[in-house]
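What follows is the residue order along each chain.
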Amino acid sequence: MDFNYSDEQKLLIDSVERFIQDDYGFDTRRAILKSEDGFRRDLWQKFGELGWLAVPFSEEDGGLGGTAVETMIIMECFGRGLVVEPYLSTVVLAGGLLRLGGNAGQKETILPELMAGTLLAAVGYAEPTSRFNLADVSTTAEKTSGGWVLKGRKSVVLHGPMADKLIVSARTSGGQRDQAGITLFVIDAGAAGVSRQDYPTVDGLRASEIILDGVAVGEADVVGAVGEGFALLDRVIDEATAAICAEAVGAMETLHKATLEYARTRVQFGQPIGRFQVIQHRLVDMYMAYEQAKSMAIMANLKLDAAPEERRRAVSAAKVQIGKSARFIGQQAVQLHGGMGMTDELNVGHYFKRLTMIETLFGNTDFHLKRYAA
Amino acid sequence: MDFNYSDEQKLLIDSVERFIQDDYGFDTRRAILKSEDGFRRDLWQKFGELGWLAVPFSEEDGGLGGTAVETMIIMECFGRGLVVEPYLSTVVLAGGLLRLGGNAGQKETILPELMAGTLLAAVGYAEPTSRFNLADVSTTAEKTSGGWVLKGRKSVVLHGPMADKLIVSARTSGGQRDQAGITLFVIDAGAAGVSRQDYPTVDGLRASEIILDGVAVGEADVVGAVGEGFALLDRVIDEATAAICAEAVGAMETLHKATLEYARTRVQFGQPIGRFQVIQHRLVDMYMAYEQAKSMAIMANLKLDAAPEERRRAVSAAKVQIGKSARFIGQQAVQLHGGMGMTDELNVGHYFKRLTMIETLFGNTDFHLKRYAA
Amino acid sequence: MDLSFSAEDLAFQREVRSFIAENYPADIKARFDAGLEPHKEDFVRWQKILFEKGWVAPAWPKEYGGTGWTATQKYIFQEELGAANTPGIIPFGLSMVGPVIYTFATEEQKKRFLPGILSSDVWWCQGYSEPGSGSDLASLKTKAVRQGDKYIVNGSKTWTTMAQWADWIFCLVRTDSTVKQQEGISFLLFDMKSPGVTVRPIITLDGGHEVNECFFDNVEVPVENLIGQEGQGWTYAKFLLGHERSGIAAVARSKRGIAKLKQIANTELADGGPLIEDPDYRRKLAELEIDLTALEYTELRTLARESQGKGPGPESSILKIKGTEIQQAITELAVEAAGYYAFAFNRRAMDGANEPIIGPAATAFAAPSYFNMRKTSIYGGSNEIQKNIIAKMVLGL
Amino acid sequence: MDLSFSAEDLAFQREVRSFIAENYPADIKARFDAGLEPHKEDFVRWQKILFEKGWVAPAWPKEYGGTGWTATQKYIFQEELGAANTPGIIPFGLSMVGPVIYTFATEEQKKRFLPGILSSDVWWCQGYSEPGSGSDLASLKTKAVRQGDKYIVNGSKTWTTMAQWADWIFCLVRTDSTVKQQEGISFLLFDMKSPGVTVRPIITLDGGHEVNECFFDNVEVPVENLIGQEGQGWTYAKFLLGHERSGIAAVARSKRGIAKLKQIANTELADGGPLIEDPDYRRKLAELEIDLTALEYTELRTLARESQGKGPGPESSILKIKGTEIQQAITELAVEAAGYYAFAFNRRAMDGANEPIIGPAATAFAAPSYFNMRKTSIYGGSNEIQKNIIAKMVLGL
């Protein structure tokens, strides 16, 4: 048993932390949010140059062969800086599906560009009525002679507007909520029959509603096996869940530190508010919530390769803890900052908003409690 | 809309409060707990003389024609004094069943003695596997030529050891958890076939496991209509639930006051602990929990005569609030009293224990949340 | 003790209900029911309708334009307004400065200011908080220096709600820095169009513009705009904060919120069934509704005490704390109900732009509302301050 | 980073497991599994078994009788003891006074006291709290006045756990009242059979006898029983409180508690089905188990830091707070599972009398255990004090 980072991992931490500190200040991020694209392509290129986009891929596939710990490190640092670039969608989600389920052709054509930072991708796993159930798929893939035709709607596809490739789940057999019969397809974002409605999200990202109206795909565009997409998607969504748990930990850390600093300096009734015992204990409760969340994020990331049952329980347990901690820390950070915490001007509200959406993303606390206890 | 007590009600409050203050000190109660009987017959007689045992019964039946408000007043005062005498079982439960469902003969023979304080009664509504579902009845009543024969077991019959009469639910038709087919019977505690295992309860009462092994009863011993006991029992248990909500309010009030007083006087680190802001806010939270509980106890008691659906929701809502408030106030009263709160010597633990059992009695918080939302 | 309404009360309830049904403008109702950001005109129009009926100021003494209603009638009125989802009464004139004026001002000032408040022709805003003062209101720094028959006001106020729509401001200013903090404060009224007044919007984390900073640069205020005595402003300020707490529990509003949650939970799907059948969601809704019932009866008990001439005392801080906790919890459950569509930032649609809404309309503003409602435990004396008040004033600690 | 055990660790785990299986006496196990009040002999026998194996003091330096294990081995050992439900190590000798002695005492004192601690031939108790001192330990009043080669001790101690079984006490006494509170305290050891020592039981709200008051009436204590220097007792006391926190989180114990809850919830019926299928109960169990998992990994992270020579610092206050909250929550859920049978006060059966149990055996002591476990957030520095410590020492407030 070992909870220490290797020397290489420490270097990675330094590198990402330095980036956040030097190149991703609050004003930089604010400008990105207001920009047309909603992300910075030059920074993304830099991620590629620094090797961050290649981290989880095997050396065989041209990657760096990193483990979940490296992804955890990057996501935790990104959480500290509230990075909005599409790392989660492109590298963790789409990259994860291709890494574990992609065929040789897909890996050869897509992964090099993805790792170089010249190809962005997003994954459509949710539908208007699916809520958090990955098996609740109404989008259909009808068999044709040379492949399949997709029809349906994928909702809240994060980073959809900037994606060059989309991976979507569709039903090739079975009933609406059957796990069997789901197939994953990779498609060009610009393919005929694909239409998008793009919009900003409350936490500063961009997302799309994606309508698939007779999108033709070939046999070679299936990711993983036909009808067996659920297990692959479930696994990769678990990886992504563990990744956003780490992101949340980073965001909570920054938020707690900012609130602590504010409590030390903000004077009310003749003394810093951090002298008031109620505020002190609140900050202690936030600190404990943070430590418990951090422990669980580590645990979940280290259990991603366990047997599916154990992995699912570990990830759900972590998501429950992170959901509770994130809500508490987010709300209390705003509360203790008083009116300032309510402004768009201060970073606090932005962390709170991102944490709120992480609470929802890939299933909220109730969902994961049930999945854990199932 | 009116939240004030009438002048008569104020007199009743004075009278019960004076009794608690003058005749029911903590040492008196402690001696009662250690006594063979577990209650004081002379005090009970006094209750009779003061008219308290006749409060809810109609003038026609020889009672005082009081409303739920009078019962609420008595129970709230009893809660302040942690009175262990069998008012709930004899007057509210058994008395309630006879008041609403008793036939003329039962009323004539039992109620006068009950009101005079010479007859005690208890009600068996729970069974080893019924939990809080009043319809979950395995005890059977088999029809004979002249009446019925009862077989089964009633568990945790509060005040069973001292009861002269028992009213029990038994199944005359239907399946184990059907509401239809339940019949209530009044029996002599000493009847052939009745055996008891008596024991103390954690909150200072006495209770019995009651085995009915072929107890013969007559047609005249049915309370209410054959097969329709559920609605009657459900109504009276709601009355009793509202009554213990009031009792809990009284207990919480005393406990909060005692804790407040302790916080004002207990010196730690050079000042009364009530000066520490965390303790102050805790006491405020307890105060709010008490006020919310009091509001709900009043509401439920005033809605006992509403249509069954509304009554049930009102009572369940109150029981949920009281359960939460009682747990919080009880635990925090012990916590703020520190080691002293843990001793048998101080009254605090006794209030906490009674509040804990009230949380369970007639269905705990989870049970009533579901009943409310049903 | 009795929960039922008298025949008179029931008749009154019918009267209020039918008045609202007949007079609540459909376009305002549509905007409010959709959860869109209201316009200034919505508030003004509705308040004028109530004013014409004589119902705009139930809390005021009859001689100044009040209704003379019993506590029960006031409660019924609030309930009916809440149930109908009418615009809330903007408190700055009617609930805040109005009572200060009719209690402490000169006859001349009453004649000058009260009519505009009642008719909603003058929109007021509140100059209390300052950038540095926060919960420690008495530490305010905005200065008013007397020069002849004028005060020269310099300083700034913040979190000034709807100042962008305000005609006048009532403002706490420091007229004496040589005495104890609380004793050097005065209560001034002035025109927001006075030279030297600048209003800067503050955008909140939900993207809305509700509050502002106000800057005063040598603003000249005639001395006849001083209320009461110089240096007594803190007394009036405390009176104002303690006076009008009816509706602070927001019970009617929260009832509507819960009804809307139920409606959402009946249509949102979870695993193919309505969300309301999810035991966790169902339980949370039930707990919230029970919390609200407890608050409602606590408020009714407070009103009953009040109608006997007791209070409203500091116990009403409970109403503020529990009321805001419940309002916030409602928005939390709305976000949970929204699922993934909580992500969609429909801000421009919320502000009334003719843009399509992403996701179901019922939850389109769930997340911004949740973010926005965090303010309720901060403003009007943070909930921590309310607990300090209860500890001191009610528990004697 | 890696959660898996090395081959050596796995072998060690097997060794511990089989040692327990072979050596844990069946009669003690039966009593502990049934939740009965343990006898003194249970603890002593089990500790002697561990002592003979050389495993009784893993936290001690090897030279004094420790095991020399790695942090992971110590963790595995605790886990296995917990899983097997063995008697907990009585801390007073092995975890408290022992480390003080080997750290601060003279060679002679070490020789005199350490063997009896390791062999469990001497049962120690802790003389810290006093009737008036509570969380404010340094305000203690028990006096020791030096007369020649003796101290004369007068005063009293309270909450003295298992003093009724104790042979010796380690006791904080005031040897100088003229200096600052913390500077006038000394650390004395003395025989509980000394003339003038009286032990009075304190019955707790669950009806149990676990703690006592100890009265000292002119108790004569030889000066060679003073540890370290006169007036330095507070230093040793703080060392003791901060030193041995391994196991403070009680993870293994709580894991067993949750396993038992699951077993209960699988047999108790609710509406004809097992309670575990009730969605509310199921959710609460899941939440508790997740809380415990988080605590477990927080403890592991703390141990990891510790094995790198960092800490255990004040962060371990988290372990105390969360650990006790979880222990208490487990007993709450047991009471809920018991339903009406939680009423039955099976105290005499719990104390080992040959009496029938009312209701299912698995929940027979649910309520007394719940009442008893309230102590955990009070003792060892109340959870409020722990939060003060974190605020000051970790957050720097």
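Residues numbered from 1 in each chain as written. Chains lettered and ligands numbered in written order. Predicted model: local features only at pLDDT ≥ 70, side-chain atom pairs only at ≥ 80, totals over all residues. Heavy atoms only, no water.

## Some thoughts on the interface of chain B and chain A
The interface of chain B with chain A comprises five residues on the first partner and four residues on the second. Across the chain B/chain A interface, buried area totals approximately 400 Å², and carbon plus sulfur atoms make up 62% of it. Among the residues of chain B in contact with chain A, Gln277, Val278 and His281 of chain B are the three that bury the most area, contributing 90% of the side total. Linking chain B with chain A are three residue pairs in polar contact (both at pLDDT 80 or more), by the criterion used here. For the side of chain B that touches chain A, the per-class residue count stands at three nonpolar, two polar and no charged. (Contact = heavy atoms within 4.5 Å. Buried area = accessible area lost by both parts, 1.4 Å probe. Polar contact = N/O pair within 3.5 Å; in protein donor to acceptor, adjacent residues only side chain to side chain. Nonpolar A, V, L, I, M, F, W, Y, C, P; charged D, E, K, R; others polar.)

## Notes on the relation of the copies chain B and chain A
The transform that puts chain B on chain A rotates by 180 degrees and translates by 0.0 Å along the axis, for an RMSD of 0.0 Å. Taken together, the turn and the small shift mark the pair as related by a two-fold rotation axis. Comparing interface residues between copies, 80% of those in chain B also lie at the interface in chain A; the contact surface is shared. (Least-squares fit on C-alpha atoms with pLDDT ≥ 70 in both.)

## Comments concerning the packing of aromatic side chains
Applying the stated criterion to the full structure yields 80 aromatic pairs over all chains. An aromatic cluster is present here, built from Phe104, Phe113, Trp124, Tyr128, Trp168, Phe170, Phe187, Tyr236 and Phe239 of chain C joined pairwise through their rings. Stacked on the ring of Trp148 of chain A, the Lys or Arg Lys143 of chain A has its end atom at 4.7 Å from the ring centre. Above the ring of Tyr372 of chain B, the side-chain terminus of Arg313 of chain B is found at 4.2 Å from the ring centroid. (Phe/Tyr/Trp six-rings, centres within 6.5 Å; stacked < 30°, edge-to-face > 60°. Lys NZ or Arg CZ within 6 Å of the ring centre and 35° of its normal.)

## Things to note about the side chain of Gln106 of chain B
Residues and elements named next belong to chain B. Along the chain, the position of Gln106 falls in helix α6 (residues 104-116). The class for Gln106 is buried, based on a relative accessible area of 3%. Other than its neighbours up to four places away in sequence, Gln106 contacts Leu98, Gly101, Leu111, Val186, Ala220, Asp221, Val222 and Val223. (Helix = DSSP H or I, 4+ residues; strand = E, 2+ residues; numbered from the N terminus. Buried < 20%, exposed > 50% of the residue type's maximum accessible area, 1.4 Å probe, protein only.)

## Examining the confidence of the model for chain C
In the predicted model, chain C carries a mean pLDDT of 94, and the fraction of residues at 70 or more is 98%. Scored as a complex, the prediction yields pTM 0.96 and ipTM 0.96. (pLDDT = per-residue confidence, 0-100.)

## Points about the domain arrangement of chain C
Residues and elements named next belong to chain C. Split into domains, chain C comes out as domain 1 (7-89), domain 2 (122-231) and domain 3 (247-394). Averaged C-alpha coordinates put domain 2 and domain 3 at centres separated by 31 Å. Contact with domain 2, which involves seven residues of that partner, is made by eight residues of domain 3. Carbon and sulfur atoms supply 47% of the area that domain 2 and domain 3 bury against each other, a total of about 590 Å² over both sides. It is Ser135, Asp206 and Glu210 in domain 2 that bury the most area against domain 3; as a group they hold 69% of the surface buried on that side. Between Asp206 and Arg347 there is a salt bridge, and its shortest N-O distance comes to 3.5 Å. Taken together, the links from domain 2 to domain 3 amount to three residue pairs in polar contact (both at pLDDT 80 or more). For the side of domain 2 that touches domain 3, the residue count by class is one nonpolar, four polar and two charged. (Domains from an automatic or database assignment. Salt bridge = Lys/Arg side-chain N within 4 Å of Asp/Glu carboxyl O.)

## Some remarks on the packing of helix α10 (residues 316-338) of chain C against helix α12 (residues 366-373) of chain C
Residues and elements named next belong to chain C. In the contact formed by α10 and α12, the axes pass within 8 Å of each other and the chain directions differ by 155 degrees. Comparing their axes, α12 and α10 come out roughly antiparallel. Crossing of α10 against α12: the hand is left-handed. Only Ala366, Ala367, Ser369, Tyr370 and Met373 of α12 make contact with α10, whose side of the interface consists of Gln327, Gln328, Thr331, Glu332, Ala334, Val335 and Ala338. Looking at the contact of α10 with α12, its residues break down into seven nonpolar, four polar and one charged. (Axes fitted to C-alpha atoms, helices over the stretch in contact; angles between N-to-C directions. Parallel < 35°, antiparallel > 145°, perpendicular 65-115°, else oblique. Left-handed = near helix turned anticlockwise from the far one by under 90°.)

## Observations concerning the interface of chain C and chain A
A common measure of how large an interface is: the accessible area buried when the components associate. Every contact between the two is made by 48 residues of chain C and, on the other side, 52 residues of chain A. For the pair chain C and chain A, the two sides together bury roughly 4,200 Å², of which 58% comes from carbon and sulfur. It is Leu205, Tyr340 and Phe343 of chain C that lose the most area in chain C upon contact with chain A, and together they represent 22% of the buried surface on that side. Linking Lys284 of chain C and Asp366 of chain A is a salt bridge whose minimum nitrogen-to-oxygen distance equals 2.8 Å. For the pair chain C and chain A, the interface holds 28 residue pairs in polar contact (both at pLDDT 80 or more). At the level of secondary structure, the elements contributing two or more residues to the side of chain C that touches chain A comprise β6 (197-203), β9 (269-270), α9 (279-307), α10, α12 and α13 (383-394) of chain C. A per-class count over the side of chain C that touches chain A returns 25 nonpolar, 11 polar and 12 charged.

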